[in-house]
Structures are given as structure tokens and as C-alpha cells.
Amino acid sequence: MTRDFAGIPKDEFEFAGKSEEKSELLTRPSISFWRDVWRRLFKNKVAMTGLVIILAIALSSLIIPELSSYSYSQQNLRNINAAPSSQHWFGTDSLGRDLWVRTWFGARVSLAVGIFGSIIPSLIGVLIGGISGYFGGKVDMIIMRLIDIIICIPQMIYIILIMLVIGSGPVPLIIAFAITGWMGSARNVRGLILKIKEEEFVLASRILGASHGRIIFNHLVPNTLGIVVVSMTLGVPAAIFQEAYLSFIGLGIKPPIPSWGQLANLGTAVFRIYPTQLLIPAIMISLTMLSFNLFGDGLRDALDPKLRS
Amino acid sequence: MVRYILRRFLISLLTLWLLAAITFFLLRLLPGNPFQSDQILTFEMQERMMNYYGLNRPLIEQYFTYMGNLLQGNMGYSLKYTNRTVNSIIVRAFPVSADLGLRSLALALPVGLFLGIASARKRGKAVDYLCVVISVIGVSIPSFILGSFLQYIFALRLKILPMAQWTTEMHKVLPTVAIALGLLATLTRIMRASMLEVTTQDYVKTAKSKGLSEGKIIWSHEIRNALIPILTMLGPMVASVLMGTFVIEKIFAIPGLGLHFVNSITGLDYTMTMGLTVFFGAFLVSANFLVDIAYGIVDPRIRLAK
Amino acid sequence: MKKWIVSIILVALITIPVSCFAASGSQVFTFAGHNDVMTLDVSQMNDEMSALIMYALNEALIRNSYDQIIPGLAESYEVSEDGTVYTFHLRDAKWSDGVPVTAKDFEYSFLRTLNPETGSSQVSSFDSIVNAKGYYNGEITDASLVGVKAVDDKTFVITLSYRDPFFLTEMAEGINFYPIRQDYVEKFGMSYASSPGTFIGCGPFVLKEWVQGARIVLEKNPEYWNADRVRLERVVELIIPDENTRVGMYDLGEIDAIYSISKVQTIMHPEFGSKSGGTLQYLAFNCSEGLVMENMNLRKALSFGIDREAIVLAIASPGTIPVDRMVDPSIIVDGKSYTETYPNSTGVPPSGNTEQAKIYLQKALSELGLSRPADLPRINYVCMDSPIHKQYAEALQAGWKDDLGVNVEISILPVPQAIGALLSGKFDIFLVGQSTGVNPATIMDNFTVGNSNNYARWDNEEYSGLIAAQSVNPVLKERLLQIQQAEAIILDKVPVAPLWTPGTAYLSREYVKDLHYGRQTGSIEFIFAHIEH
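Residues numbered from 1 in each chain as written. Chains lettered and ligands numbered in written order. Predicted model: local features only at pLDDT ≥ 70, side-chain atom pairs only at ≥ 80, totals over all residues. Heavy atoms only, no water.

Caption draft 1: Molecular detail of the overall build of chain B. Helix and strand content of chain B: twelve helices and zero strands. Within the span of chain B, comprising 306 residues, buried residues form 53% of the whole. Across chain B, the fraction of contacts at a sequence separation of at least 24, relative to all contacts at a separation of at least 6, is 71%. Carbon and sulfur atoms make up 69% of the accessible area of chain B, which totals about 13,800 Å². A gap of 8 Å separates the mean positions of the 28 positive and 15 negative side-chain charges of chain B. (Helix = DSSP H or I, 4+ residues; strand = E, 2+ residues; numbered from the N terminus. Buried < 20%, exposed > 50% of the residue type's maximum accessible area, 1.4 Å probe, protein only. Contact = heavy atoms within 4.5 Å. Areas by Shrake-Rupley, 256 points an atom, 1.4 Å probe, with all protein chains shown as cover. Lys, Arg positive; Asp, Glu negative; His and termini not counted. Charge placed at Lys NZ, Arg CZ, Asp CG, Glu CD.)

What follows is the structure, encoded as C-alpha cells:
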């Protein structure tokens, strides 16, 4: 009796027969790319926690200010710096304004600035970086030079200028971020496109006569989409931080509109006497940045094809 | 290679020149007057001062005068610190900011890279989770809030480190740590992601199948290639360290450039702002230039690419 | 080798405790400032930090000390019959390098400041001197025509073009009347007074160390003519921009005094002191034709609708007093309080009068042909980007909205841009803070017809006539009466609404004795202080 690998006797093997359908069978169930991503994301508890927190904060920011009897700008100069109480769940600030409402209204502002301040520059960057990478040559060189130059001018100058011309508030701030923040994204996308352009399937497509549009939509976009989405998500904490920083040095959101950065700024001044006025916005900022980071990380892991099980 | 370097150098110069020009005109677009302060100056006095400093002459004329002086290394006198040249202020304050920045980088780089590598290699294990937690927390707490907390705890309450100023080594600890933590966190995350990306590449599998030792693989293949994205980050990171030190410098009373920077923009000290912008710009341009050269050395594809 | 080491260690062991001992018993005063000194060039100085240090490093003809005018380098002086010629007799005093101070040093200093080539922004303090204005405007090129003369080494004569009863007090409180050493200026040119090596003074202290942005160290000047009265040996100013840090260092004992702390800090430090006076804050309304604030009743409504008391209580630093007139209550003329001798009032009580405000508002609305406050056109309140100004703006805005239903929009601009808006008329409401000086008419001077500093753009011939008349009136009593009459007009028409005189809170340890806070902002007088542990 001859033995094959695994030590099983050869005559115990039976010919299974040839079959057309069976030879076409895939070894595992077919599942689309995005369904797979979703599935893996769902399983990632840490990332899901992040997402839940984000949604909870966002929802609260929309609902809570509407339910409150105080407005975010309503002052009560005879009840300043009050501690948390049943009347004012987070207490009042130095002008007697209710901090509970201000914190949640500020959430709206900070989240809006954070999310749009990340998405819009990303999209602009994708557009410009994509054009630069796809067409290459002179176009690429000019655009890259332009980026090199613009990146060297301090962001402060742009922001002050824009604020002075358009006015202050969340929208001008988002515009300022959009104008000054697309460069990183553009560079990344450009690099990515340059890499993909040289891949064989793109080459094959071109030889077969596919138009620019077809190549872009069928090949380039799907391959970059995942990475762009991840960088947008991870860009939100950076935008939130930027807003906080700018408000902290007095250049961001102007009163009486609250934002977390502003609340942190106001809270720092009284930190040693009324610590809650700084702790609350600080925790909100940190928690939100943390959640976006965790979710973004999870998203990136989910999009990584090498982790397919 | 030489042609590559030369080309990058010329482009750097062009960049610097354009930067100066754009900033010059942008600054003058800002409304307001550098001579006004809390004590409101009368209109006549304001105009007198503007004329004295030549600020009412045609803008183009001012531009050429300024650029001419700049080429000779003369950045003029500050409009606020009336008897000090912009050069002297920068020369005095820059080393302080640089000291703070370099210390933070020196602390953050090795620790961040090490943690990134360690957590990538032991992916999914306890070490990895710990590193991720540290790095995510570090990235989520803004440096200025961290700085205030550290100062409050270690200087005011525990009294083991000085509160402010930049004199002895002990004074330098808290501000450095406040900045380094944020940097460290970012570096860890990037290095980890980069290492994971590289480890699954084909050339690593090839090296393994060739029978190379673990250590050699890690060093010559994985880490070297993983460093490329870090290099890209280095330029802007250095820049942001210098910029972001402003609040830390304010809280810890450190006499660096950060304070001058924001004050000169909002106070419309044109000469000072121009000087600082050109200075930072030159810095960034040089940093990018050096990174480009490093790229050329590390990645032959880039050198040879058209 | 061993012997050397032992000796060194012994020496160290002995000297270290000795020096510590010396340090703790010595007269060293440390305080914190929020900004660096801009310059120590007498001609260019225009900020409080520089003025503060210069007060200790240098000495003028007379000095304002503990709210009194005392002799400085001038031992005595005479004033001519018509009040236009002041003759100062200098005492024997020396610069810190031993060179005697002469009248020439004063002449040189004043002429240098007035010289158009110097580019000083402080020249208007010399306006009353003969030909000063002409000289700095370039109309006169011969400096010898200016009314400042060093007759001989010890005699300095100032000639005014008109009798000015406030001249001496203005000179005592001024910051640009110090002498300058010509050889130093000629030697160092533009870098003059930018470091200890390039500066020299003749005051109670000498500049020992100036680490830019960090620290200034002064040491007692043994050559000072009044050195016996100076008891401190060393003064250290630390530059700490962040207030929390300043207060923290004070609590840790690293600083002996902080000047100008914000309201919030006083809560944890109930032992604070406060002073007020020297500045008046008021709202300027843009009364230009066609603008919404042209309507007088609307202005009155807004003024009556402000609860000054509550705002001061909640926001302003301790020592701030609500006012209802355009003259600073702390001004003393001829030994008497001006405001007590010549009363006046807008009629607005400190906590405001909402009913009265609503009546004026109704009048305004009907004059404008509107039915509700919400129908008013956009009112633009331009606010300087400083923490306390922003708080004031918000408080005022909320008060007008909640009590009167009037919506006011706030635009926050960095200080230079905000002032630009003020000067160019691109505002409807602006909160102005001005030094009140020693002359009750100083601020009111601005609001005359054709004056380019008439922020309110208010044209009132009667008022302008009175102001013009009082400025040349040789009889002091009549002059003060005319000022009162003019004030009555401006208080009635409300082109500007007086708010309050800001106070300043400060902290200093009880072991620092004889520390004083002068009337001008920024002056913390430590030159005659001492430490008593």
C-alpha cells in the first residue's frame, strides 16, 4: 500500500468526477467589498463605541438647546459663576449664562466646524490632487509648486484676513479652513493616483480604449475612496483642535456664539476658582476627538484588504 | 542627483521670494493702523507716523524698497519695539523657541517611533492596545489644556517643578513634555500604520523566504521603508511645532518667537510680521528642501522619475 | 590635588549659606509685568510698561510721587506774572556714570522729541510750548525758535504760548519729559536705549540687566541725589504674559506684587487693593447725518437703559465707579475736587432707568416713523478684541435686548482695526476709554466742530464755542465755569454716554511697605518702597 501526503492510503481516494459548475465555484461566499467593510467595522467594538459617542453628542447638540428655557446668550448679571444646581445643570459662567445650554450649543458649532472643516478641504484636495496626479507633467508640476508656496505662509494671516473680510463665525472659519487645509489631502491623493496609474489594470483599461471618465470612475475612485473617507474622519479631530486653538487665542468663533474652544478659553481664566468651567469643555473636546480617532482607526482597519479573513 | 538637488534649490528660492511678496501685500490689505493702541492716537498724529515710516507712499514703491533691503539681510526696525531691529529680536528669541521645539522633538521622535514599531510588531496584543490608547489620548487632548493642567499639578500643587520661565533645566521640563506628548501620539500612530502597511508588502515576504534574519529584515526593509511617510510629515511637523508653541510659551512665560508672532499680526507691526513670516518661510522651505533631498537618497524611484 | 578640592568645598559651604542669608534679609522687590518694555528711548515711549521702568531709571524736572508734585531735578522754579515763562533751577545731580546733569540735557531731549526726523508719536504733550507745534509739523526748521532754552548749566527756561494752569501737572504726570544724554544717542543711533549698555539715566535706579521678553533687573543708583531715601537695593521685573501663571507665582512666593489683576482673581485673593481714576470709559455714538444714531432720543434711550452698576459689579475690576458725567471725579484743580465744586449730571441713575429709557425709545421710534424696536435699522457696535471689552459689549447688548427690545450687532476687531473703524466712522456704537489727564476739559475738547478726533461726529456750535473760549481764558474760575456749561450741553444731547471710570486691582505682600499706585495707568511706584520681614 503506497501512502500519499497526510499518510492516507492512496486507494482510499475516489475520483470525484469533472463537473462544469463545480469548477467555477469560489471557495468562499461572494460578498461585495463594501458589505465586507461594514461587517468588519461592526465587529470592531472600540470603533463602534466611538461612533455611538459621536452620534450621541451630535444628537444631543441638536435636541438639548431646543429644550432648554435659557438661550445661549441670555445673561443674568446677578447670578454669575454659579455652581451646578437644579436650575443650571452645569452652572453659570462669568456673565450669568447657563453653561448647560452653552455647552450643547457649542457642540453644534464645534462639530459643524470640525466635520465640515475636514470634509470640504478634503474634497477640494481630492479634486486638485486628483487632477494633478492624473494628468501629470506640467499640470502636476505647477500645482505642486503652488502648494509648496502656499503651505509656507502662516495660516494665521489667512484666517485673520478672511475673518475681517467675510466676518466672523462658524461659516467664515470653515471657509478659512477650506482655503488653508486642502494641501495635505491634495498631496496624498496625488501620490496615491500616481501609484495607481502605473498599476496593470489601469494600463489594461487604457489599452482597451477606456475614456478618461471611465478610468476615473471605475478604477481610481474606488481605490482612493476608502483612504479619503478615513482621512476625512481623522481630519475632524484636527479641525476641532484647530478651532479650539484659534478660539483660545481669540481668533476663532466670536462671542456670544459659544464653541468648545471659546468655553475652554473662558474657563481657563477662572480655572483655579471655578474648575468646572474649564473641565466641561475640555472633556467634551477630548471625548469627541477621541471618538473620531477611534472610529477613524476602525474604519481604516476595516478598509484594509489585507485583513480579510 | 546633482541636477535634482540644484533644481530643488532653485525652486526653493523662488518659493521664498513669492512667499515674501504675497505676505507683503496681504498684510497691507488688513485694515487698521500699526500706531494705534489702547491710548487712541489722534488722526493727525497717526498720519504723521504713517508718513514718517513711509507707509503712505505707493505700495509698489514700498515693496521694492523692502525687497531691496531684504536681499541685503536688513529687515528693518520693529514698529512697536521702536529701537530694536527685527533681526535682533529674531536672533534673541529664536534660539529659545528652537530649544523648546528641538527638545520636544528629541523626546517625541525616538519614543514615538519606538512605540509605533513595537505596537505594529505585537499587533493585537496588550502592548499594541496600550500604545494605541496612549497615542489616541495624546492626540485628543489639546496641548494648551495639557500645559495648563501640568503646570497646575506639578508646579502649583506638588511644587516639584517651576511654574514658569526658561532658565534652568528644571524649568524646561514641563513645557517640553506638554508639546512632546501630542507629537509623540501622532508619530506613534503614523509609524504603526506605516509599519503594518510595509510588513505585508511583497518585498518583505521575499526577504523572509530568502532566509534573511528577523533583525535584518526589520531594519533594512521594514523600518527604512516605513520611515518614508514619516519624512513627509517631518516638514509640516517641525513647522507646526514652532507655530504651536505660542500658547505654551505664553503659559510658561518663555521668551520665544511664538508670542511675538501673534502679537505682531494683531498689532499690525508690519516689519515684525514680514520678518517673522520670511524667517519661518525660509525655515519651512529649507526643511522641505532637506526632506526632498532625503527622499532622493532613500527612494531611488523618485530620483529617477521624470 | 585633594587639598584643592577640600578648600573649594569649604569655601562653597561657607559662602552659599552666607549668600542665602544675605538674600533673605536684603531689600529685593520682585514684581510681574504682562508685557516687555517696548523701548527706553524717552522720545519714543508710549506704553505703560516702559513708563513704569523709566520712572525708576530716570528723573524729570518735577515728579509725581504719592499723588503729589515733588521736586525732581529742579530744586526750585518760578513762574512769570503772565504765567507763560517757567524758569527751573537744577540741583547738583549726576548721571549714573558720574557725569553732571545739565540744563542742556533737557533742552536736547525736548528738541529731539519734537524734531520731525525722530518720528515721535508723543509730541502733542508739548503743544503749549512756543513753536513746538510748528517745529514738529515742519513749518519751522530752526529749533532755536522753540520755547525751551538752557540758559546756563543749571537754568532751564520753558516758554509757553499761552497761560496754561495745567502745564506743571501735565509735565509731572507725563512720560516724555525726561532728560537725554546726547553723546549716547550720537554713539548708538537707532539702537539707543535698547539694552543696558546703550541706555543711561539719572534716576533712583540703574538698569542692570534686560533679558528681552523675560526679565528686567534694576539696582539702586548710588549717584542719585536723593539716594538716601531709596531703600530697595534691587528690583526685579519678571515678564509673565499669562495671568494665571502670574497669580500662581505670587501664591508660590516667587513674586511680591502683581499690578492690575482681573476681577476673577480677586475672589481667591480677598486681600487685594484697588484704585481708580485716570481714565474715563464712555460710549461714542456716531451722530453723522443719515445714520441711525443721529436720533437723540434713541441715544438717550440707550444711555438710560444701561444698568451701569450691575455691569460694573459683574465685569469691571474692583475700584471701578459708574459715572454720570464727562469729567473724571478724581480730577483735582486748585486743591479741590472739580466734580464737587462744579456739579453736573446726565440724570441717569447708576442702575439705569428702564421706564425713562422706554419713553425716549418711543419718541425715537415715532420720529423715525417706525412702530417696533425690531424695525430699527442695523446698529453696529464695534468692539476692540480685548477680553474685558468683549464682556462689556456682550453685557450691553444683552441689556438693550432684554430690557428695551433693541437689537445691537457686535463686530469684534483687533485693536488697530477697531480704532481704524472708530476714526473712519465705520461704526454706530464704540466703547472708548481715554486718559482724563489733569484738565477737566481734556476729553470734551475732542467733540468740537471740525475736530478730526470728534469720534461722535457731533456738530454743536454752542458747545464748540464754549470749549474754544475756555481754552484761552486766563481767569481760572471763569474757565472752570465755562467747562461746566459746555459739559451740561454734552450731557443733555448725549452724543456720548459716560459709563464709568475703570479701577485697577492689585496684590502685594504685606512685607512690602510704601508701595504706591499713581493716578495714571501703569504706574506702580516702588522707588521709595522697602521690605520689612
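Caption draft 2: Main features of the nonpolar core. Within the largest apolar cluster, 114 residues are counted, with the highest numbers of intra-cluster contacts made by C:Phe29, C:Ile158 and C:Phe526. A per-element tally of this core places helix H2 (residues 48-57) of chain C first, with seven residues. The residues touching C:Phe29, leaving out its near neighbours within four places in the chain, are C:Leu232, C:Arg234, C:Val235, C:Val236, C:Asp256, C:Ala257, C:Val512, C:Leu515, C:Ile524, C:Phe526 and C:Ile531. Residues A:Met48, A:Ala176, A:Phe292 and B:Ile223 belong to the second largest nonpolar core, which totals 101 residues. (Core = buried A, V, L, I, M, F, W, Y, C linked by side-chain atoms within 4.5 Å.)

Caption draft 3: Quick look at the interface of chain B and chain C. Taken together, the contact pairs 40 residues of chain B with 50 residues of chain C. Regarding the contact of chain B and chain C, the summed buried area is about 3,800 Å², with carbon and sulfur atoms giving 57% of it. The largest share of the area that chain B buries against chain C comes from B:Ile40, B:Asn83 and B:Arg84, three residues that together contribute 18% of it. Across the contact surface, chain B and chain C share one salt bridge. In this structure, the salt-bridge partner of B:Arg84 is C:Asp36, at a minimum N-O distance of 3.3 Å. In this assembly, chain B and chain C are joined by 15 residue pairs in polar contact (both at pLDDT 80 or more). The set of elements that each furnish at least two residues to the side of chain B that touches chain C consists of helix H2 (43-52), helix H6 (143-157), helix H9 (214-251) and helix H10 (257-266) of chain B. For the side of chain B that touches chain C, the element with the highest residue contribution is H2(B), accounting for seven residues. Of the residues assigned to the side of chain B that touches chain C, the class counts are 18 nonpolar, 14 polar and eight charged. (Buried area = accessible area lost by both parts, 1.4 Å probe. Salt bridge = Lys/Arg side-chain N within 4 Å of Asp/Glu carboxyl O. Polar contact = N/O pair within 3.5 Å; in protein donor to acceptor, adjacent residues only side chain to side chain. Nonpolar A, V, L, I, M, F, W, Y, C, P; charged D, E, K, R; others polar.)

Caption draft 4: The arrangement of the state of the cysteines in detail. All names here are of chain C. In this structure the tally under the stated criterion is zero disulfides over all chains. Cys287 carries a free sulfur, and the closest cysteine sulfur to it, the one in Cys383, is 19 Å from it. On the accessibility criterion, Cys287 (10% relative accessible area) is buried. (Disulfide = S-S within 2.5 Å.)

Caption draft 5: Region of interest: the sheet that holds strand S1 (residues 28-33) of chain C. Residue and element names in this part refer to chain C. Taken in spatial order, the seven strands of this open sheet run S8-S9-S10-S1-S11-S21-S12, and their pairing is mixed. The sheet terminates laterally at strand S8 (205-211) and strand S12 (273-276), the two strands that pair on one side only. Each neighbouring strand pair of the sheet contributes to a mean axis angle of 20 degrees, computed without reference to strand direction. With six bridges connecting them, S1 and strand S10 (residues 234-239) associate as parallel partners. (Pairing = 2+ DSSP bridges. Axes fitted to C-alpha atoms, helices over the stretch in contact; angles between N-to-C directions.)

Caption draft 6: Representation of the packing of helix H4 (residues 99-135) of chain A against helix H10 (residues 260-269) of chain A. Residue and element names in this part refer to chain A. Viewed as axis vectors pointing N to C, H4 and H10 meet at an angle of 135 degrees, and their least axial separation amounts to 8 Å. With respect to their mutual orientation, H4 and H10 come out oblique. Seen from H4, the contacting residues are Leu99, Arg102, Thr103, Gly106, Ala107 and Ser110; seen from H10, they are Trp260, Gly261, Gln262, Leu263 and Leu266. The class makeup of the residues in the contact of H4 with H10 is five nonpolar, five polar and one charged. (Parallel < 35°, antiparallel > 145°, perpendicular 65-115°, else oblique.)

Caption draft 7: Geometry of empty space enclosed by the protein. Residue and element names in this part refer to chain A. Applying the stated criterion across every chain yields a total of six cavities of 30 Å³ or more. Of the pockets and cavities examined, the largest cavity occupies roughly 60 Å³. Sorting elements by how many residues they give to the lining of the largest cavity places H10 first, with three residues. The residue inventory of the lining of the largest cavity, partitioned by class, reads three nonpolar, three polar and two charged. (1 Å grid on protein atoms, 1.4 Å probe; cavity = no way out; pocket = protein on both sides within 12 Å on 5 of 7 lines; lining within 4 Å. Points joined across faces, edges and corners; volume = space filled by probe spheres on them.)

Caption draft 8: Up close: the pattern of salt bridges. A full pass over the atoms with the stated rule returns 27 salt bridges over all chains. We note a salt bridge from C:Arg378 to C:Glu409, for which the minimum N-O separation is 2.8 Å. Of the two residues, C:Arg378 is situated in the loop between helix H12 (354-368) and strand S17 (380-384) and C:Glu409 in strand S18 (residues 409-413); the sequence distance between them amounts to 31 residues. Using a relative accessible area of 40% as the deciding quantity, one classes C:Glu409 as partly exposed. Bridged by salt links that share partners, the residues A:Asp93, A:Arg97, A:Arg102 and C:Glu394 form one connected network.

Caption draft 9: Region of interest: the packing of aromatic side chains. The final tally for this structure, using the stated rule, is 44 aromatic pairs over all chains. Ring centres 5.7 Å apart and planes at 55 degrees place the aromatic pair C:Tyr184 and C:Phe188 in the tilted group. Taken together, the residues C:Tyr184 and C:Phe188, both in helix H6 (residues 182-188) and four residues apart, mark about one turn of the helix. Residue C:Tyr184 is classed as buried on the basis of its relative accessible area of 17%. An aromatic cluster of three or more residues is present, and its members are B:Phe24, B:Phe25, B:Tyr63, B:Phe64 and B:Tyr66. It is B:Arg28 that lies over the ring of B:Tyr270; its NZ or CZ is 4.5 Å from the centre. Of note, C:Arg509 hangs over the ring of C:Tyr250, and the distance from its end group to the ring centre comes to 4.1 Å. (Phe/Tyr/Trp six-rings, centres within 6.5 Å; stacked < 30°, edge-to-face > 60°. Lys NZ or Arg CZ within 6 Å of the ring centre and 35° of its normal.)

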